[in-house]
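# Examination of the molecular architecture
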Amino acid sequence: MNIKACIFDLDGVIVDTAKYHYLAWKRLAKELNFDFTEKDNERLKGVSRMASLDILLSIGGLSFSEKEKIKLAEKKNKWYVEYISKLDKNEILPGVEDFLRKLKQNGIKIALGSASKNSMLILNNLQLVPYFDTIIDGNKVSKAKPDPEVFLLAAKELNIPSEYCVVFEDAEAGIEAAKKANMKAIGVGSKDILKKSDKIIDCFKGLELNILEF
Ligand code: BG6
Ligand code: MG
């Protein structure tokens, strides 16, 4: 097998935090007197915090100064952190921990490649930190997916060339970032959204290492 490292997105791949992001953004929208639906929330998946706020405000038809926007994003994040503080191991998506264990047993390196600035809190609560050889998140990169920065930095930290890396992603922008980084991309979720991925899986349940054969 050629693959020497697996890089995982966090939100939507390891844990379903989209519902907590949704609750927090909806609460902010409510405070600003407009409704924010679950369908609208699809547009925020994989998108950075400030870019998500811009989308939310465009849905509400509102505009604010940069300073006000930072305050609004902080408010949303405070609520979001309250929700994810209660996360525990039971919320790890099915099959993920088994798959991480198989990778470790077979000497394949493991990295996180996420846009989130809350990744350490989440991974700590899920008790998954020891599986990761490196954790690259929104605190370490400045360019959001589809820019490949987050995955390239992960590969660099692992000291493994891009062509030996596989990225697991649930967002279109993440698949695009993986392809730009010259890595293999495995989409987790729907065929319609993740068209550009090399392979697609529904979830990690029962997944074997032969998924890494290309
Ligand atoms: C991504 C999520 O992983 O992280 C987005 O898919 C989220 O929905 C982004 O906006 C930033 O997360 P955070 O935790 O730093 O606000
Ligand atoms: Mg994601």
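Everything numeric here is computed off the predicted structure, so don't read it as measured data. (Residues numbered from 1 in each chain as written. Chains lettered and ligands numbered in written order. Predicted model: local features only at pLDDT ≥ 70, side-chain atom pairs only at ≥ 80, totals over all residues. Heavy atoms only, no water.)

## Focus on the nonpolar core
What counts, and what does not: As used here, the term nonpolar core means buried Ala, Val, Leu, Ile, Met, Phe, Trp, Tyr and Cys residues forming a set that is joined through side-chain atoms within 4.5 Å. Classification of residues uses two cut-offs on accessible area relative to the type maximum, computed with a 1.4 Å probe and protein chains only: under 20% is buried, over 50% is exposed, and between them is partly exposed.
Ranked by internal contacts, the top residues of the largest apolar core, which has 53 residues, are Phe8, Ile14, Phe168, Phe204 and Leu212. Residues Ala5, Val141, Ile175 and Ala181 belong to the second largest nonpolar core, which totals 20 residues.

## Re the packing of helix H1 (residues 18-31) against helix H4 (residues 66-84)
Under the convention used in this document: Axis definition: a line fit to C-alpha positions, over the contact stretch in the case of helices; interaxial angles, taken between N-to-C directions, run 0 to 180 degrees. What counts as a helix is a DSSP run of H or I of at least four residues, what counts as a strand is a run of E of at least two, and both are numbered from the N terminus. Between 65 and 115 degrees an angle is taken as roughly perpendicular, under 35 as roughly parallel, over 145 as roughly antiparallel, and anywhere else as oblique. The crossing is said to be left-handed when, going from far helix to near helix, the turn is anticlockwise and less than a right angle, and right-handed when the turn is clockwise. Contact between two residues is taken to exist if any of their heavy atoms lie within 4.5 Å; hydrogens are not considered. Three residue categories are used. Nonpolar comprises Ala, Val, Leu, Ile, Met, Phe, Trp, Tyr, Cys and Pro, charged comprises Asp, Glu, Lys and Arg, and polar comprises the others, including Gly.
Their axes nearest at 9 Å, the elements H1 and H4 cross at an angle of 140°. Taken together, the axes of H1 and H4 lie oblique to each other. For the crossing formed where H1 meets H4, the hand is right-handed. Contact residues: Tyr20, His21, Leu23, Ala24, Trp25, Arg27, Leu28 and Glu31 in H1; Leu72, Lys75, Lys76, Trp79, Tyr80, Glu82, Tyr83 and Ile84 in H4. In the contact of H1 with H4, the residues fall into 10 nonpolar, 1 polar and 5 charged.

## Describing the coordination of the magnesium ion (ligand 2)
Formally: Atoms are scored as donors when they are N, O or S and lie within 2.8 Å of the metal, with 3.2 Å used for Na, K and Ca; no water is included, so coordination may look incomplete.
Within the protein, the atoms that donate to the magnesium ion (ligand 2) are Asp9 (OD), Asp11 (O) and Asp170 (OD), at distances of 2.0 to 2.1 Å. Donor residues for the magnesium ion (ligand 2), ordered by position in the chain, follow D-x1-D-x158-D. With aspartate 9 in the loop between strand S1 (5-8) and H1 and aspartate 170 in the loop between strand S4 (165-169) and helix H8 (172-180), this residue pair connects regions lying 161 residues apart in the sequence. According to the relative accessible area criterion, aspartate 170 is buried, its value standing at 17%.

## Side note on the packing of aromatic side chains
Where we set the bar: Here is the rule: rings of Phe, Tyr and Trp (six-membered ring for Trp) pair when centre to centre is within 6.5 Å. Planes less than 30 degrees apart are stacked, more than 60 are edge-to-face, and the remainder are tilted. For a Lys NZ or an Arg CZ to count as sitting over a ring, it must be within 6 Å of the ring centre and within 35 degrees of the ring normal.
Tallied over the entire structure, the rule returns 8 aromatic pairs. Aromatic side chains phenylalanine 8 and phenylalanine 99 sit 6.4 Å apart centroid to centroid with 70° between the ring planes, which places their arrangement in the edge-to-face category. Of this pair, phenylalanine 8 sits in strand S1 while phenylalanine 99 sits in helix H5 (residues 96-105); the two residues are 91 residues apart in sequence, bridging distant segments of the chain. Note on phenylalanine 168 and phenylalanine 204: the rings are 5.2 Å apart at their centroids and 50° apart in plane angle, and the pair reads as tilted. Pair noted here: phenylalanine 168 is in strand S4 and phenylalanine 204 is in the segment after strand S6 (199-201), with a separation of 36 residues, a long-range link. The pair phenylalanine 168 / phenylalanine 204 is uniform in exposure class, with both members buried. Aromatic rings pair up to connect Phe8, Phe99, Phe168 and Phe204 into one cluster. The ring of tyrosine 164 is capped by lysine 4, whose NZ or CZ atom sits 3.8 Å from the centre of that ring. Just above the ring of tyrosine 80 sits the side chain of lysine 76; from NZ or CZ to the centre is 4.5 Å.

## What to know about the domain arrangement of the chain
A common way to report how large an interface is uses the accessible area buried once the components associate. Our working rule: Domains are outlined according to an automatic or database domain assignment. Take the accessible area each of two parts loses on contact, using a 1.4 Å probe, and add the two losses: that sum is the buried area. The term salt bridge refers to a pairing of a side-chain nitrogen on Lys or Arg with a carboxyl oxygen on Asp or Glu at a separation within 4 Å. N or O atoms closer than or at 3.5 Å make up a polar contact, with two conditions inside protein: a donor-capable atom paired with an acceptor-capable one, and, for residues adjacent in sequence, both atoms drawn from side chains.
When its domains are assigned, the chain resolves into domain 1 (5-15 + 92-212) and domain 2 (18-84). For domain 1 and domain 2, the distance between their C-alpha centroids amounts to 25 Å. Taken residue by residue, the interface counts 9 residues in domain 1 and 9 residues in domain 2. Both faces considered, domain 1 and domain 2 share a buried interface measuring about 760 Å² in area, 54% of it formed by carbon and sulfur atoms. Where domain 1 touches domain 2, the interface holds 0 salt bridges. The tally of links between domain 1 and domain 2 comes to 2 residue pairs in polar contact (both at pLDDT 80 or more). Partitioned by chemical class, the residues of the side of domain 1 that touches domain 2 number 4 nonpolar, 2 polar and 3 charged.

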